[in-house]
Amino acid sequence: MTSVRLGLIGLGNIGQHHAGYLSAGKINRGELVAVSDAVPAKLEKYKPLRIFNTGEELIGSGLVDAVIIATPHFQHTGLGIAALQQGLQCDG
């Protein structure tokens, strides 16, 4: 089976935790390929992954099969709906 291309939206404490175990290869067939955060300084350390300033840009990029939403809880609904409308799987 091929790997699932994952996007991570939000790089606060929880997002960084997710990025750490994904980057370490601890999820079989899961590959972190893109991240997004509203704070540009948080994105620099994740290059050469594709980086986006908003979750909506990441969702619409066509680069991912699924997203992990690690933003403040009040943003989960809108991002989750946007992901589902693009045919992505989402967790958040």
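Residues numbered from 1 in each chain as written. Predicted model: local features only at pLDDT ≥ 70, side-chain atom pairs only at ≥ 80, totals over all residues. Heavy atoms only, no water.

## Here we look at the pairing of strand 4 (residues 66-69)
Argument step 1. Neither face of strand 4 is open: one carries Ala66 and Ile68, the other Val67 and Ile69, and all of them are buried.
Argument step 2. Strand direction decides the pairing type here: strand 1 (residues 4-9) and strand 4, joined by 4 bridges, are parallel. Across the sheet, residue Leu6 finds its bridge partner in strand 4, namely Ala66. (Buried < 20%, exposed > 50% of the residue type's maximum accessible area, 1.4 Å probe, protein only. Helix = DSSP H or I, 4+ residues; strand = E, 2+ residues; numbered from the N terminus. Pairing = 2+ DSSP bridges.)

## Points about helix 4 (residues 76-85)
One turn of an α-helix holds 3.6 residues; hence residues three or four places apart share an orientation.
Argument step 1. When we look at burial in helix 4, the residues that qualify are Leu79, Gly80, Ala82 and Ala83. Around the axis of helix 4, the buried residues are gathered within 160° of arc, so they sit on the same side. For helix 4, the exposed residues lying more than 90 degrees away from the buried face are Thr77, Leu84 and Gln85.
Argument step 2. Downstream of helix 4 by a residue or two, Gly87 has a phi angle that is positive, lying close to 80°. (Arc of directions from axis to C-beta.)

## Notes on the environment of Ala38
Argument step 1. Here Ala38 is to be found in the loop between strand 2 (30-36) and helix 2 (40-43).
Argument step 2. Taking the C-alpha atoms as reference points, Ala38 and Gly10, 28 residues apart in sequence, are found 7.7 Å from one another.

## Some thoughts on the nonpolar core
Argument step 1. Ile9, Ala34, Leu58, Ile59, Val64, Val67 and Leu88 are the most contacted members of the largest nonpolar core, which totals 13 residues.
Argument step 2. The set of elements that each furnish at least two residues to this core consists of strand 2, helix 3 (55-60), strand 4 and helix 4.
Argument step 3. No other element matches helix 4, which puts 3 residues into this core.
Argument step 4. Setting aside residues up to four positions removed in sequence, Ala34 forms contacts with Leu6, Gly7, Leu8, Arg50, Phe52, Leu58 and Val64.
Argument step 5. Formed by 12 residues, the second largest nonpolar core is a distinct cluster that contains Leu6, Leu22, Leu32 and Leu43. (Core = buried A, V, L, I, M, F, W, Y, C linked by side-chain atoms within 4.5 Å. Contact = heavy atoms within 4.5 Å.)

## With respect to helix 1 (residues 13-23)
Argument step 1. Among all positions in helix 1, only Gly15, His18, Ala19 and Leu22 are buried. The buried residues of helix 1 occupy an angular sector of 100° when projected down its axis, which confines them to one face. Counted as exposed and oriented over 90 degrees from the buried face of helix 1: Asn13 and His17.
Argument step 2. Tucked into the core, helix 1 has its buried residues touching strand 1, strand 2 and strand 4.
Argument step 3. Of the residues flanking the end of helix 1, it is Gly25, one or two places downstream, whose phi is positive at about 75°.

## A short note on the pairing of strand 2
Argument step 1. Strand 2 sits mainly inside the fold: 6 of its 7 residues count as buried.
Argument step 2. Sheet topology note: the strand 1/strand 2 ladder contains 6 bridges and is parallel. Bridged to Leu6 within strand 2 is Leu32.
Argument step 3. Following the chain from strand 1 across helix 1 to the adjacent parallel strand 2, one finds a crossover that is right-handed.
Argument step 4. Where strand 2 meets strand 3 (residues 50-52), 3 bridges bridge the pair, whose relative direction is parallel. When the bridges of strand 3 are listed, Ser36 appears paired with Phe52. (Right-handed = clockwise from strand over helix to strand, strands pointing away.)

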